[in-house]
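The residues making up each chain are set out below.
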Amino acid sequence: MEHYGFINTCLQSLVTEKFGEETWEKLKVSAEVQDAFMTYTVYDDIITIKLIQEACKVLDVSMEAILKLFGEYFFKFCKMSGYDRMLRTLGGNLTEFIENLDALHSYLALSYQEMNAPSFRVEGGADGAMLLHYYSDRSGLCHIVPGIIEAVAKDFFDTDVAMSILDMNEEVERTGKKEHVVFLVVQKARRQMRRTKANRPLDTKDIQTDEEALKTTLLRMKEQDLSSSVCPGGKSHWDVRASVMFGKGPLRNTFQPVYPERLWVQEEVFCNAFPFHLVFDETLRVKQAGVNIQKYVPGLLTQKFGMNEYFSIVHPQVTFSISSICKFINSQFVLKTRREMMPKAWKSQPTLKLRGQMIWMDSLQCMIFMCSPKLRSLQELEESKLHLSDIAPHDTTRDLILLNQQRLAEMELSRQLEMKKEELRILSKHLAIEKKKTETLLYAMLPEHVANQLKEGKKVAAGEFETCTILFSDVVTFTNICAACEPIQIVNMLNAMYSKFDRLTNVHEVYKVETIGDAYMVVGGIPVPVESHAQRVANFALGMRISAEEVMNPVTGEPIQIRVGIHTGPVLAGVVGDKMPRYCLFGDTVNTASRMESHGLPDKVHLSPTAYRALENKGFEIVKRGEIEVKGKGKMTTYFLIQNLNATKDEIMGRSTALTHQKVSDEATPAGSPVAGQDSTDVINGQPSPDPTKTSFHASDPVPSVFCVVL
C-alpha cells in the first residue's frame, strides 16, 4: 500500500526535534531511504515501516513506544500544518470528535485521492467508558491511536484519558479492513475546572446540583432510548452522550425540540427539494427516491430490485444489511452504483457515487439515506454527465466542487513547487560537492589563505619571511635511467616516489613547492611562520630517504638513490600573475638550498651551516662533512643529517598508531620545540614523550599548496 509524503515528513520532523539532526541522518542511512519527502507525492508503506523499525533499533525503544510518541506528535504536526481549526471544530466532546473523523477523512480524500485512511466507530460502555473500534488496512500500527486520542483529549477538551486494548484480531465484521482493534477509553477527572466568568469561581453547591441534574437527565434519556427498538431485532448500538445546556449552576434552559403532529411537506416537493435521497425498508426494497437519483439510476422504483442489487457500499466496507448499517450509523456512507444495472449506453462513463448519512426511522421501520453525488472536480462532474443544476441549491456540494477545483489546482502548483525545490536541493548538493573539489584543487596549487584572498578579489601583498627552511631533492643518475627506459616506466617510477613524498608533507606539515622532472622541493615556515620549521623539514628529509628505499630503479631493479639538500634563511614570497597566479619565492636562500642538493652525496641529507645551527641541540644526530667548494658561494663548511635520536622509523613515516597528540598554538611553543602547532608531550602508551623532535601524522590534513620557485 501507499501513503502521502506528509506522514514521512512528520516522522522526520519528530526525530529531528526530539533526538537531533544527527539521529535522523543515521536513521535515514540505516533504513536506506531518500533524503527528503514531498507532501503531495505518494510513497510505499515499506519506507515508513523501515524507518520505524530502524528508529526502534537506533533509539533502543519498543515499537509500541515509538508509535505512541508518533501519534502524539502527528496531532501536533497536523495543527502546525494548518489543520488546527478544522480539527478543533469536529466535535464538542471527545466522542463527537472521534465519530466525525471518518467524515474528515472523506473530505480530505477529495484532495488526497490515494489516501487510505483508517475508520473509527464508537460504542458506549459501562461507567461512562466507551469502546473505540479501529479498522485499518495497515497491520501493527494501532498503537498510534492512543497517542493521537490522548493528545486530542488533553489539548481540545482538557481531559485525561486512559486507553487499553480489549481485543485485537483480523476483521470479522467484513468491513474490508485487515485489522480490527477495540480500545477501552476511560475519561479521567478533568485537570482543572472551567469557570463561567473570569475571576468568579463556581459555588460548590451549584456544581454538585449541576452534576446530579445532568446525571439524572442522561439516565432518563438513556432508558427511553434503550426501551425503543432502533434497529430491527436488537437494541441500540449507541448511547445518548450529552444534552445541550446553556449557562451554569442549576440545570435550566435545557433545549427541548418541538416536533409537528404531521409532516408539512408534500411528497413531490420533498423529492424535488432533496433530489438525492433514498428510503428503503428492512428487506432493502426501495420505497422512495429523489428525482435526480431516479434520473441517473433508471428503474430504481419501477423494477423490483433491492438496494444491494443497484448499489454497493464503498465506505464503510460493511455488508449491505440494516443491522450492519446500524452498527456504523454515525459514520458517513458512500454508495456506488453497480455498472451491470446501468443502461448499455452508459457503460463507458464512471459509476455514480453517493455520499451521505444513514438515518433509521423506527416508526416506519425504514432507513433514509440523505446524500449528494461524491465528486472531486468539475472534470468528474462532466465525466459523470452531471451538471451543477442537478444538485439542489441548498446543498453545499455545489460549493465544495468549485472550492475543491481551486484546491486541486493549488495542490498541483504546490506539488510542482516541491519538485522544483527538491531539484534545486539536489543541484545545490551536487554544486557543493563540485565546489569542494574545485577548492581542493585550488588549495593544492596555492596556500589556502592566499587562495581565499584571490577568490574574494583581493590583491595578495608580497611578504618577507625572516627565516624559513627549504629542501631540494633529486634522483641520482636520473639522466642515465631516462636514457635506458621507456617513458611510461619513468612516469610510473616518479609517480610512485612523489606519492610517498606527498603523504609525508601531511605527516610533517610542510608545504610542497614544486616538482620539475626528478627535482622535488618543499619549504617549512611559509606561508604560515612557525618556529619549528627546521625540525619539520629535517624529519621530512629523513622520511624521504626511507620512502626512496621502497621505489625500484626500472633499470637495475634495485631501490633508487636520492640526494637531499637543506638550507635555512630569509625569503620574499608573493603572488605573481593574473591569468594563472602562482605563489612564488624569491631570494638567495633558494639558490643556496639548490646548491646543497647538487653538491650532496647519494642517500645523504646535506645541511648548510645555517640549517645545522637551526637543528643543533634539537635531538638530531649530525656529522660534519667539512669544508667544500660550493659553486657561486665559495668555500662552506657543511654537514650530514644522520637520524632523529628521539623518533622511531615508524614515527618518522607517520605509521605510529600508539602516538597521539594535541596541537597547541605556535605562540605557546617554546624555542627549540620540534613542530610549532604540536604538543611536545605526545602520548605514547599513556606517557608524555620526552622527544622534542617528533612530528605527528594528520591523515585528514589537506594536500599542501604548490609554490612557484623563481631562482
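The structure we're discussing is the one just above.
First, a word on scope: everything that follows refers to the structure included in this document. (Residues numbered from 1 in each chain as written. Predicted model: local features only at pLDDT ≥ 70, side-chain atom pairs only at ≥ 80, totals over all residues. Heavy atoms only, no water.)

Details of the pairing of strand β8 (residues 286-289)
For strand β7 (residues 277-281) and β8, the ladder comprises three bridges, and the chain directions are antiparallel. The residue of β8 that forms the bridge with F280 is V286. Between β7 and β8, which pair antiparallel and follow one another directly, the connecting turn spans four residues, one of which, L284, has a positive phi of 70°. (Pairing = 2+ DSSP bridges. Helix = DSSP H or I, 4+ residues; strand = E, 2+ residues; numbered from the N terminus.)

Some remarks on the packing of helix α2 (residues 21-31) against helix α3 (residues 45-59)
Packing of α2 against α3 leaves a shortest axis separation of 9 Å and a crossing angle of 125°. Relative to α3, the element α2 is oriented oblique. Like other packed secondary-structure pairs, α2 and α3 cross with a definite hand, here right-handed. On α3, the residues that touch T23, W24, K26, L27, S30 and A31 of α2 are K50, L51, E54, A55, V58 and L59. Residue classes in the contact of α2 with α3 are distributed as seven nonpolar, two polar and three charged. (Axes fitted to C-alpha atoms, helices over the stretch in contact; angles between N-to-C directions. Parallel < 35°, antiparallel > 145°, perpendicular 65-115°, else oblique. Left-handed = near helix turned anticlockwise from the far one by under 90°. Contact = heavy atoms within 4.5 Å. Nonpolar A, V, L, I, M, F, W, Y, C, P; charged D, E, K, R; others polar.)

Description of the layout of surface pockets
There is about 1000 Å³ of room inside the second largest pocket. Around the second largest pocket, the lining is made up of 35 residues, and of these I7, F74, H105, A117 and P118 lie nearest the centre. Going through the elements one at a time, β1 (2-4), α1 (5-19), α3, α4 (63-88), α6 (101-111), β4 (130-136) and α7 (144-156) are the ones with two or more residues in the lining of the second largest pocket. In terms of residue count, α4 provides more of the lining of the second largest pocket than any other element does, seven residues in total. (1 Å grid on protein atoms, 1.4 Å probe; cavity = no way out; pocket = protein on both sides within 12 Å on 5 of 7 lines; lining within 4 Å. Points joined across faces, edges and corners; volume = space filled by probe spheres on them.)

A few points about α1
Its 15 residues give α1 an end-to-end C-alpha distance of 21 Å, which sits within 8% of 21 Å, the value for a rise of 1.5 Å per residue. Buried residues of α1: G5, F6, N8, C10, L11, L14 and V15, and no others. Once α1 ends, the next one or two residues include G20, with phi positive near 100°. (Expected span 1.5 Å × (residues − 1). Buried < 20%, exposed > 50% of the residue type's maximum accessible area, 1.4 Å probe, protein only.)

Examining the side chain of D390
Residue position: D390 is located in the loop between α13 (378-383) and α14 (397-445). Side chain to side chain, D390 and Y296 meet in a polar contact 2.6 Å long. Not counting residues within four places of it along the chain, the set of residues in contact with D390 comprises P275, F276, N292, K295 and Y296. (Polar contact = N/O pair within 3.5 Å; in protein donor to acceptor, adjacent residues only side chain to side chain.)

A look at the environment of R338
Checked against the element boundaries, R338 lands in the loop between β10 (332-337) and β11 (353-361). Once residues lying within four places of it in the same chain are set aside, the contact partners of R338 are N308, E309, Y310, F311 and S312.

Geometric values such as these leave the question of function open.
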